[in-house]
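Chain by chain, the residues run as shown.
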Amino acid sequence: MDCLKINTKFVFNWYTLPIFTAFGGLFSHYMTSQNLSQRLVLEPENPQRLANLCGRLNEHLKQIEKRLLVKIKNRGSEFMVTGAPEAVKSTSSIIRQLYVMTQNSQNLAPDNIHMAIQEGINIAAQENSTAENTPSTEQTAGDNNEDNNDEFLILRTPKASVKPRGQNQNNYVRDIVRHDINFGIGPAGTGKTYLAVACAVEALIKEQISRILLVRPAVEAGEKLGFLPGDLSQKVDPYLRPLYDALYEMLGFERVGRLIEKNVIEVAPLAYMRGRTLNNAFIILDESQNTTTSQMKMFLTRIGFGSTAVITGDVTQIDLPKGAGSGLVQASKILENVDGVSFTYFKSRDVVRHPIVQQVVEAYDAHDRQSITELNSESSSLQNSSQTSSQTKESDRFNERDH
C-alpha cells in the first residue's frame, strides 16, 4: 500500500502589496502576508506514475499552478510548492490525491486534474465556512458520523462509480435518497442532471424502483425548429440527449436500448404526463425552468407511492415566451417549507466542467447584478423626478389661487 511522506519547510517573505490568499475566484487582500513553501515527497517512487501525474511537459502541474496561483517545482518524487498558505495546503492535498489515482494505472487527463482542483477548492471553502461557524462538540460529532461517510456518497452503476464533487453535490445526493421530491437549481455544468441519472440507475440496479422516466418540456432555446419527423420518441430524443449520454455512460448502449424497448426506461414529453400516476418510479424532469406554473403543478401531482422525483433547472436560462411565468421559480417559493421536498442551490463554484464555464457564469452573474442596480437607480431617479414635478405643479396651483 502506498504511503506518503511529507516534510514542510516555512519560508517567510514580508511585503506590503496586496496578494491573493484564496483561489478559484475567491480572494482577499492583506497588507502584510507570508509566503509558504511546502516540501512534498511521494512514496513509493515510480517513474511511470510520476510521469502520469505531471503530464506531458508538466502540463498537469501547470494547470494546477494557473488555477491555484502557486509555483510547483519537482525533481523525481520530490515536489516543492510555494504560494499563499491556503493554496499551498490545497495544492499538496490535490497532488497526493492525483498520485493515488495513478496507482490503478489510470491515465490522468486535464478533466481529471480540473475535477481534483475543483474538489480541493470546495473542501477548502467548506473548511473556512466551518471555522467561521464552529458548532458545539456534540453537534460536530453527530455531523461527522452522518456526513463524512464516503461509502454512502459513492453511487454504484454497472459501468462506473460516481462520486459527488464538493459538499453541495454531496448534500444533493443525500437529499435525493431521503426525500420524495428534490429540486436541483443552479447554473450549467454543476452536475445536477448527471447525478440525478446516477441516483436513478443505482436505484434501478438495487431494484428499489421498477422504471425510470425521463421528462423534459419541448421548448426550443430561442429558435423555432419547425416540424420534426419521426414518432414521438424520435421527436423528443433531441431534447433528452444529455440524459441519454449519462445513461450510456453508466449502463452501456446495448443495455439502455433493451431497457427502452421493455419500457423500463421511458421517454415522455411533459405535456403527455397529464392523467398519469407514477408508482415505484424514478422521474427526472430536466430543464424545468421552461415549465409553466400549471405544468409544474401537474407534474408534481403525478408522483405515486414508492416514487422519487428530481427536478433540475437553471432560472437564468428561461426560454418561455414573454409574460409566461416559470413553474420552477414559483415552486421554489411555494414549496420551500413543505416536508418531503428538498432544494439544493448550486453556485458558480460548483461548476465541474472546463474552468472557463465557471468564469462565464460568474461574468453573466456580475452583469445581471449590475443591470439590476442600474434599473433600480433609474427607477429611483424617475420616482424622484416625478415627485419633484408633482410638487412643482402643486406649488404653481397655490400661486395661481393667491393671485
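Residues numbered from 1 in each chain as written. Predicted model: local features only at pLDDT ≥ 70, side-chain atom pairs only at ≥ 80, totals over all residues. Heavy atoms only, no water.

Quick notes on the overall build of the protein
Working step 1: Helix and strand content of the protein: 14 helices and 12 strands.
Working step 2: Looking at the 403 residues of the protein, the share that counts as buried comes to 41%.
Working step 3: Contacts in the protein between residues far apart in sequence, at least 24 positions, make up 72% of those at least 6 positions apart.
Working step 4: Counting only carbon and sulfur atoms, one obtains 51% of the accessible surface of the protein, whose full area is about 23,300 Å². (Helix = DSSP H or I, 4+ residues; strand = E, 2+ residues; numbered from the N terminus. Buried < 20%, exposed > 50% of the residue type's maximum accessible area, 1.4 Å probe, protein only. Contact = heavy atoms within 4.5 Å. Areas by Shrake-Rupley, 256 points an atom, 1.4 Å probe, with all protein chains shown as cover.)

Digging into the packing of helix α10 (residues 241–251) against helix α11 (residues 253–261)
Working step 1: Two elements in contact, α10 and α11, have axes separated by 7 Å at closest approach and are oriented at 115°. On the side of α10, the interface is formed by Y244, L247, Y248 and L251, while α11 contributes F253, R255, V256, L259 and I260.
Working step 2: In terms of residue class, the contact of α10 with α11 is made up of eight nonpolar, no polar and one charged. (Axes fitted to C-alpha atoms, helices over the stretch in contact; angles between N-to-C directions. Nonpolar A, V, L, I, M, F, W, Y, C, P; charged D, E, K, R; others polar.)

Brief notes about the nonpolar core
Working step 1: Grouped together as the largest cluster of nonpolar side chains are 33 residues, with contacts concentrated most on V197, L214, L247, F282 and I284.
Working step 2: Looking at this core, the elements with two or more residues in it are α7 (166–178), α8 (192–205), β8 (211–216), α10, α11, β9 (265–269) and β10 (281–285).
Working step 3: At nine residues, α8 tops the list of elements feeding residues into this core.
Working step 4: Every residue in contact with I284, bar those within four places of it in the chain, is listed here: A196, V197, A200, L213, L214, V215, L243 and V310.
Working step 5: Ranked by size, the runner-up nonpolar core spans 25 residues in total, among them L50, L53, F79 and I94. (Core = buried A, V, L, I, M, F, W, Y, C linked by side-chain atoms within 4.5 Å.)

Describing the confidence of the model for the protein
Working step 1: Per-residue confidence for the protein averages 78 on the pLDDT scale, and 73% of its residues sit at or above 70.
Working step 2: Within the model, pLDDT remains below 50 along residues 1–32, and this stretch shows 72 contacts once partners closer than five positions in the same chain are excluded. (pLDDT = per-residue confidence, 0-100.)

Regarding the side chain of H60
Working step 1: Counting through the fold element by element, H60 comes out in helix α2 (residues 59–68).
Working step 2: Under the relative-accessibility criterion, H60 is labelled buried at 3%.
Working step 3: A polar atom in the side chain of H60 sits 3.2 Å from the backbone oxygen of L53.
Working step 4: When near neighbours in sequence (up to four residues on either side) are disregarded, H60 contacts N52, L53, C54, G55, L108, A109, P110 and I113. (Polar contact = N/O pair within 3.5 Å; in protein donor to acceptor, adjacent residues only side chain to side chain.)

Describing the packing of aromatic side chains
Working step 1: Overall, the coordinates contain five aromatic pairs when judged by the stated rule.
Working step 2: Ring centres of Y244 and Y248 lie 6.1 Å apart, and the angle between their planes is 20°; on these two criteria the pair is classed as stacked. Linking Y244 with Y248, this pair stays in helix α10, spanning four residues, or about one helical turn.
Working step 3: The exposure class of Y244 is buried, given its relative accessible area of 3%.
Working step 4: Since its relative accessible area comes to 22%, Y248 is described here as partly exposed.
Working step 5: Through successive ring pairs, a cluster of aromatic residues spans F183, F343 and Y345.
Working step 6: When the ring centre of Y99 is taken as origin, the NZ or CZ atom of R49, which lies over that ring, is 4.1 Å away. (Phe/Tyr/Trp six-rings, centres within 6.5 Å; stacked < 30°, edge-to-face > 60°. Lys NZ or Arg CZ within 6 Å of the ring centre and 35° of its normal.)

Quick notes on the environment of L155
Working step 1: Tracing the sequence through the fold places L155 in strand β5 (residues 155–156).
Working step 2: Accessibility expressed as a relative area gives 1% for L155, which makes it buried.
Working step 3: Along the backbone, L155 and A200 are 45 residues apart, and their C-alpha atoms lie at a distance of 9.8 Å.
Working step 4: Residue contacts for L155: discarding those within four places in its chain leaves A160, S161, V162, V173, L195, A198, C199 and E202.

Let's talk about the environment of L214
Working step 1: Within the fold, L214 resides in strand β8.
Working step 2: With residues up to four places along the chain from it excluded, the contact list for L214 reads L240, L243, L247, I265, E266, V267, A268 and I284.

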